[in-house]
Amino acid sequence: PNGYIENAKGAVSVTWHNRLMFFAVLFPAGARKRTVAVVSASRDGQYIADLVKQFGIESVRGSSSRKAVQVLHGAMRKIIREKKYVSFTPDGPRGPKYVMSRGPIHLASETGVRILPISVNYSSYWELGSWDRFQIPKPWAKITLRLGEPVIIPPNLTDDELEKWRLEVQRRLNEISEIPEP
């Protein structure tokens, strides 16, 4: 992924919340420096913001449920002015898991950048009892980074079109994610 990501001119990436454990370290330092993570405005979100900062990733604080307008405005500024990647966990901070929020779709439509579905899959893992069944790879598990095909979202979407594209990006992210059967 090095050249593909480092040469891009800004994008919105989406990754499921339960697959974040090794997300930052799977990318080269140059890509991390061009990335802005959307992190929950909660107290727990501060721990995550502090952690990703150690890997060279800045953050914009908020979520679909808290400070959503502020997040989208800050993310637009990062994409348009600084050509950054804005990385979302579109099913966070409270789920339901594997269900995409509209925020990334709206942001991509407003800024004209593409959406990159990204998944981190583990060959063997433990699941926590959290809402997202957060995954922790077991020792010696194979960790795989999968990049989906970029999705171009048209401008000026109606509510129905926004929903259509939300479902399409959700489908594409699920397609590259190894989701266990219920």
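Values in this document were obtained by computation on a predicted structure and should not be read as measured data.

Calculation notes
- Residues numbered from 1 in each chain as written.
- Predicted model: local features only at pLDDT ≥ 70, side-chain atom pairs only at ≥ 80, totals over all residues.
- Heavy atoms only, no water.
- 1 Å grid on protein atoms, 1.4 Å probe; cavity = no way out; pocket = protein on both sides within 12 Å on 5 of 7 lines; lining within 4 Å.
- Points joined across faces, edges and corners; volume = space filled by probe spheres on them.
- Helix = DSSP H or I, 4+ residues; strand = E, 2+ residues; numbered from the N terminus.
- Nonpolar A, V, L, I, M, F, W, Y, C, P; charged D, E, K, R; others polar.
- Buried < 20%, exposed > 50% of the residue type's maximum accessible area, 1.4 Å probe, protein only.
- Pairing = 2+ DSSP bridges.
- Axes fitted to C-alpha atoms, helices over the stretch in contact; angles between N-to-C directions.
- Contact = heavy atoms within 4.5 Å.
- Patch = residues over 30% accessible without salt bridge, like charges linked within 9 Å, V, L, I, M, F, W, Y side chains within 5 Å.
- Areas by Shrake-Rupley, 256 points an atom, 1.4 Å probe, with all protein chains shown as cover.
- Salt bridge = Lys/Arg side-chain N within 4 Å of Asp/Glu carboxyl O.
- Lys, Arg positive; Asp, Glu negative; His and termini not counted.

A. A look at empty space enclosed by the protein. For the structure on display, the rule yields 1 cavity of 30 Å³ or more. Here the largest cavity defines a volume of roughly 120 Å³. Among the elements of the structure, α2 (29–33) and β4 (85–88) are those that each provide at least two residues to the lining of the largest cavity. In terms of residue class, the lining of the largest cavity is built from 8 nonpolar, 3 polar and 1 charged.

B. Molecular detail of the pairing of strand β1 (residues 11–14). Both faces of β1 are covered, namely the face carrying Ala11 and Ser13 and the face carrying Val12 and Val14. For β1 and β4, the ladder comprises 4 bridges, and the chain directions are parallel. In the strand pairing of β4, Val14 is matched with Phe88. As paired elements, β1 and strand β5 (residues 115–122) share 3 bridges and run parallel to each other. For Ser13, the partnering residue across the bridge sits in β5 and is Leu116.

C. Spatial organisation of the sheet that holds strand β3 (residues 58–61). The strand order across the open sheet built from 6 strands is β3-β2-β4-β1-β5-β8, with neighbouring strands paired in mixed fashion. One side of each edge strand has no neighbouring strand; the edge strands of this open sheet are β3 and β8 (143–147). Within this sheet the neighbouring strands show an average axis-to-axis angle of 25°, counted without direction. In the packing of helix α3 (residues 43–54) onto the sheet, contacts are made with β2 (35–39) and β3, and the angle to β3 comes to roughly 160°.

D. Up close: the side chain of Ser119. With respect to the helices, strands and loops of the structure, Ser119 is situated in strand β5. Residue Ser119 is classed as buried on the basis of its relative accessible area of 1%. Filtering out sequence-adjacent residues up to four positions away, Ser119 remains in contact with Arg19, Thr144, Leu145, Arg146, Ile176 and Ser177.

E. A look at a nonpolar patch on the surface. Together, Met21, Phe22, Val25, Leu51, Phe55 and Ile143 make up an exposed nonpolar region whose accessible area comes to about 470 Å². Its place among the elements puts Ile143 in strand β8. Taking the relative accessible area as the measure of exposure, Ile143 reaches 33% and is therefore partly exposed.

F. Structural detail: the environment of Pro155. Examined against the element boundaries, Pro155 turns out to sit in the loop between β8 and α6 (159–176). Look at Pro155 and you get exposed, because its relative accessible area is 54%. Between the C-alpha atoms of Pro155 and Ser109, which are 46 residues apart in sequence, the distance is 4.7 Å.

G. Just the side chain of Arg114, in detail. Here Arg114 lies in the loop between α5 (103–111) and β5. We note that Arg114 is buried and unpaired, the nearest opposite charge coming from Glu149 at a distance of 9.3 Å.

H. Seen up close, unusual backbone geometry. The step from Gly95 to Pro96 runs through a cis peptide bond, and the omega angle for that step is 5°. Locating Pro96 in the fold gives a position in the loop between β4 and α5. In this structure, Arg133 is a non-glycine residue whose phi angle is positive, near 55°. Exposure remark for Arg133: the relative accessible area of 31% places this residue in the partly exposed category. Although it is not a glycine, Asn156 sits at a positive phi angle of roughly 55°. For Asn156, a relative accessible area of 69% gives the class exposed.

Take it as geometry only, folks, not as evidence of what the structure does.
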